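Per-entry structural report
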Amino acid sequence: MVNWLWAMFIMIGIVTAAIQGKIEIVNHAIFEGAKTGVTISFGLISILVFWLGIMKIAEEAGLLIVISRLLRPIVRWLFPDVPKDNPALGYILSNIAANIFGLGNAATPMGIKAMQELQKINPYPDKASPTMATLLALNTSSITLIPTQVIAIRMSYGSVNPTEIVGTTILATLFSTLSAILLDRWYRKKTYKS
């Protein structure tokens, strides 16, 4: 549906520019947009590769295991319906750890695997379970300590201090995560009571 809306907006823009005799503006925007997209992509790739390398070093050094152990009690509280030995818990822990370090793109495959594992234990396969909703809420609002992608974008646009947003990001994502958890718990209680 969204694809159709965007296609419609693009076609309306092109037709409007053609009718007004300003098609050269569309051509300029297309090429400038493509150039900007490539520039941003290279900036994102470099910072993502750097942080994926850091994550690999942290994994080899055992830091991710320590983080997983620290997060395990919280994850058990957030996902009480998931059996203790279910592989979904490992994927959830990895997803949360990657999101904490601002690696949203790296966290996505782990989130998808967690959802697939949660679907296997879902008593109602035609709709999302409360556990799946909790994971989606956490994944969307995740606490981020190092917003690597935003820093990369700011660097590619020549920001004087691309990391100045770190403190604000931590506060904003802490608030969004706490809000997501509170709303999730409220909806769970409301759903189970009715």
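A short tour of the structure in this document, coming up. (Residues numbered from 1 in each chain as written. Predicted model: local features only at pLDDT ≥ 70, side-chain atom pairs only at ≥ 80, totals over all residues. Heavy atoms only, no water.)

Topic: the overall build of the protein
Scanning the protein from N- to C-terminus turns up eight helices and zero strands. A compact globule built from 194 residues should have a C-alpha radius of gyration of about 16 Å, whereas the protein, at 21 Å, is more than 25% larger. In the protein, the proportion of contacts linking residues at least 24 apart, taken out of those at least 6 apart, comes to 64%. Summing over all exposed atoms, the protein offers an accessible surface of approximately 12,700 Å²; the carbon and sulfur share of this is 71%. (Helix = DSSP H or I, 4+ residues; strand = E, 2+ residues; numbered from the N terminus. Rg over C-alpha atoms; globule rule 2.2 N^0.38 Å. Contact = heavy atoms within 4.5 Å. Areas by Shrake-Rupley, 256 points an atom, 1.4 Å probe, with all protein chains shown as cover.)

Regarding helix H7 (residues 148–156)
Within the sequence span of H7, burial applies to Thr 148, Ile 151 and Ala 152. Viewed end-on, H7 has its buried residues packed into an arc of 100°, placing them on one side of the element. Just downstream of H7 lies Gly 158, where phi reads positive at about 80°. (Buried < 20%, exposed > 50% of the residue type's maximum accessible area, 1.4 Å probe, protein only. Arc of directions from axis to C-beta.)

Looking at the nonpolar core
If you look at the biggest cluster of nonpolar residues, it comprises 25 residues, and the most contacted ones within it are Leu 71, Val 75, Phe 79, Ile 92, Ile 96 and Leu 118. The dominant element in this core, judged by the number of residues it contributes, is helix H4 (residues 87–100), at eight residues. Ignoring any residue separated from it by four or fewer positions in sequence, one finds Ile 92 in contact with Val 75, Phe 79, Ala 114, Leu 118 and Leu 135. (Core = buried A, V, L, I, M, F, W, Y, C linked by side-chain atoms within 4.5 Å.)

Brief notes about the packing of aromatic side chains
This model, assessed by the stated rule, comprises two aromatic pairs. Judged by centre distance (6.1 Å) and plane angle (80°), the rings of Trp 6 and Phe 9 are edge-to-face. Here the residue Trp 6 and the residue Phe 9 both occupy positions in helix H1 (residues 2–19), the gap between them amounting to three residues, near one helical turn. Overall, Trp 6 belongs to the exposed group, its relative accessible area being 55%. Between the NZ or CZ atom of Lys 127 and the centre of the ring of Tyr 124, over which it lies, the distance is 5.4 Å. (Phe/Tyr/Trp six-rings, centres within 6.5 Å; stacked < 30°, edge-to-face > 60°. Lys NZ or Arg CZ within 6 Å of the ring centre and 35° of its normal.)

What about helix H6 (residues 130–141)?
Along its twelve residues, H6 runs 16 Å from first to last C-alpha, staying within 8% of the 16 Å computed at 1.5 Å per residue. Inspection of H6 places Thr 131, Met 132, Thr 134, Leu 135, Leu 138 and Ser 141 among the buried residues, and these make up the whole buried set. (Expected span 1.5 Å × (residues − 1).)

Comments concerning the packing of helix H5 (residues 104–120) against H6
Where H5 contacts H6, the axes come no closer than 10 Å and their chain directions differ by 170°. Taken together, the axis directions place H5 and H6 in an arrangement best described as roughly antiparallel. Contacts from Gly 111, Ala 114, Met 115, Leu 118 and Gln 119 in H5 reach Thr 131, Met 132, Leu 135 and Leu 136 in H6. Residues of the contact of H5 with H6, tallied by class, amount to six nonpolar, three polar and no charged. (Axes fitted to C-alpha atoms, helices over the stretch in contact; angles between N-to-C directions. Parallel < 35°, antiparallel > 145°, perpendicular 65-115°, else oblique. Nonpolar A, V, L, I, M, F, W, Y, C, P; charged D, E, K, R; others polar.)

Brief notes about the side chain of Thr 177
Tracing the backbone shows Thr 177 in helix H8 (residues 166–193). On the accessibility criterion, Thr 177 (7% relative accessible area) is buried. Once residues lying within four places of it in the same chain are set aside, the contact partners of Thr 177 are Leu 138, Ser 141, Ser 142 and Ile 143.

Concerning the environment of Thr 140
When you line up the elements, Thr 140 lands in helix H6. Residues Thr 140 and Ala 180 lie 40 residues apart in sequence; the distance between their C-alpha atoms is 8.7 Å.

A word on the packing of H4 against H6
Where H4 meets H6, the axes come as close as 9 Å, and the angle between the chain directions of the two elements is 15°. By the angle between their axes, H4 is roughly parallel relative to H6. The two elements H4 and H6 meet at a crossing, and its hand is left-handed. Taken together, the residues of H6 that come into contact with H4 (itself represented by Ile 92, Asn 95, Ile 96 and Asn 99) are Leu 135, Leu 138 and Asn 139. (Left-handed = near helix turned anticlockwise from the far one by under 90°.)

A few points about the pattern of salt bridges
In this structure the tally under the stated criterion is five salt bridges. With a closest N to O distance of 3.6 Å, Asp 184 and Arg 188 form a salt bridge. Of this pair, Asp 184 and Arg 188 both sit in helix H8, separated by four residues, roughly a single helical turn. Assigned by exposure class, Asp 184 and Arg 188 land together as buried. (Salt bridge = Lys/Arg side-chain N within 4 Å of Asp/Glu carboxyl O.)

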